[in-house]
Amino acid sequence: MTLPLSGGCACGQVRYECSAEPLFTAHCHCRDCQKAGGGQMSTVSGVPSAALRVVRGETRSFHYAGSSGKGLERHFCPTCGARLFTDHVGAMPGVIFLSVGNLDEPARVTPHMHIFTASAQPWASIPADMPQFPGMPG
Ligand SMILES: [Zn+2]
Ligand SMILES: [Zn+2]
């Protein structure tokens, strides 16, 4: 994979770069992804925290309690509201969840599993041949 992975929000005010390959890429069906994204799930790449750098603008963030009861911090563009990444993931320290729809070239990553399927909606489409985990894998 050619690095960095670059991306940004819808209005262009916030830009970021990721200097490491994603550790994993997953479709996430947690309730926060449903509420924040407004759809059945969101698609995220887990990247090492140290590898992600905001290179333009500043995010705002929203703190919420994850399903583990540990807090998470979801970052978004203060102007256009685009969801960008989630950090301080209590259940997975040192990993940032990058919303891959914001990448300049989302096709560079390939989702390989569905996570938090315990809260998947009954009308969500999950291919039978794709690994599924009721919560966070492992
Ligand atoms: Zn924006
Ligand atoms: Zn989620």
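Located above this text is the structure these notes cover.
Residues numbered from 1 in each chain as written. Chains lettered and ligands numbered in written order. Predicted model: local features only at pLDDT ≥ 70, side-chain atom pairs only at ≥ 80, totals over all residues. Heavy atoms only, no water.

On to the packing of aromatic side chains. Within the structure shown, the criterion is met by two aromatic pairs. Between Phe24 and Phe97, the ring centres sit 5.7 Å apart and the planes meet at 70°, which makes this aromatic pair edge-to-face. Of this pair, Phe24 sits in strand β3 (residues 24-28) while Phe97 sits in strand β9 (residues 95-99), placing them 73 residues apart in sequence. Taking relative accessible area as the criterion, Phe97 reaches 9% and is therefore assigned buried. With 6.3 Å between their ring centres and 10° between their planes, Phe62 and Tyr64 make a pair best called stacked. By relative accessible area, which is 41% here, Phe62 ends up partly exposed. (Phe/Tyr/Trp six-rings, centres within 6.5 Å; stacked < 30°, edge-to-face > 60°. Helix = DSSP H or I, 4+ residues; strand = E, 2+ residues; numbered from the N terminus. Buried < 20%, exposed > 50% of the residue type's maximum accessible area, 1.4 Å probe, protein only.)

Here the focus is the coordination of the zinc ion (ligand 1). In this structure, Cys9 (SG), Cys11 (SG), Cys77 (SG) and Cys80 (SG) serve as the protein donors to the zinc ion (ligand 1), at separations of 2.3 to 2.4 Å. Classification of the site at the zinc ion (ligand 1) as tetrahedral follows from its four donor atoms and the range of 106 to 115° in their angles at the metal. Going along the chain, you hit the donors of the zinc ion (ligand 1) in the pattern C-x1-C-x65-C-x2-C. Here Cys77 lies in the loop between β7 (71-76) and β8 (83-87) and Cys11 lies in the loop between β1 (5-8) and β2 (15-18), a separation of 66 residues in the sequence. For Cys11, a relative accessible area of 41% puts it in the partly exposed group. Residue Cys77 is classed as buried on the basis of its relative accessible area, which comes to 0%. (Donors = N, O, S within 2.8 Å, 3.2 Å for Na, K, Ca; no water. Tetrahedral: all angles 85-135°; square planar, octahedral: opposite > 155°, others 65-115°.)

This brings us to the coordination of the zinc ion (ligand 2). Put simply, the ideal angle at a metal is 109.5 degrees for four donors in tetrahedral geometry and 90 or 180 degrees for six donors in octahedral geometry. For the zinc ion (ligand 2), the protein coordination sphere consists of Cys28 (SG), Cys30 (SG) and Cys33 (SG), at 2.1 to 2.3 Å. Summarised as a motif, the one-chain spacing of the donors to the zinc ion (ligand 2) is C-x1-C-x2-C. Both residues of the pair, Cys30 and Cys33, count as buried.

For the peptide bond that leads from Leu3 to Pro4, omega is 0°, which places it in the cis range. As for its position among the elements, Pro4 is in the segment before β1. Not every positive phi belongs to a glycine, and Phe116 is a case in point at roughly 55°. Inspection of the secondary structure puts Phe116 in the segment after β10 (113-115). The class for Phe116 is buried, based on a relative accessible area of 14%.

With that out of the way, let us pick up the environment of Glu17. For Glu17, the location among the structural elements is in strand β2. On the accessibility criterion, Glu17 (29% relative accessible area) is partly exposed. Between the C-alpha atom of Glu17 and that of Glu58, which follows or precedes it by 41 residues, the distance is 13 Å. Beyond its immediate chain neighbours, meaning those up to four positions away, Glu17 contacts Pro4, Leu5, Ser6, Ala51, Leu52, Arg53 and Val55. (Contact = heavy atoms within 4.5 Å.)

With that out of the way, let us pick up the sheet that holds β9. Strand order in the open sheet formed by seven strands is β6-β7-β8-β9-β4-β3-β10, with mixed pairing between adjacent strands. Each end of this open sheet is capped by a strand with a single partner; those strands are β6 (60-65) and β10. For this sheet, the mean angle separating the axes of adjacent strands, direction not counted, is 30°. In this structure, strand β4 (residues 42-48) lies alongside β9, joined through five bridges in antiparallel fashion. Paired with Val44 across the two strands is Ser99, which belongs to β9. (Pairing = 2+ DSSP bridges. Axes fitted to C-alpha atoms, helices over the stretch in contact; angles between N-to-C directions.)

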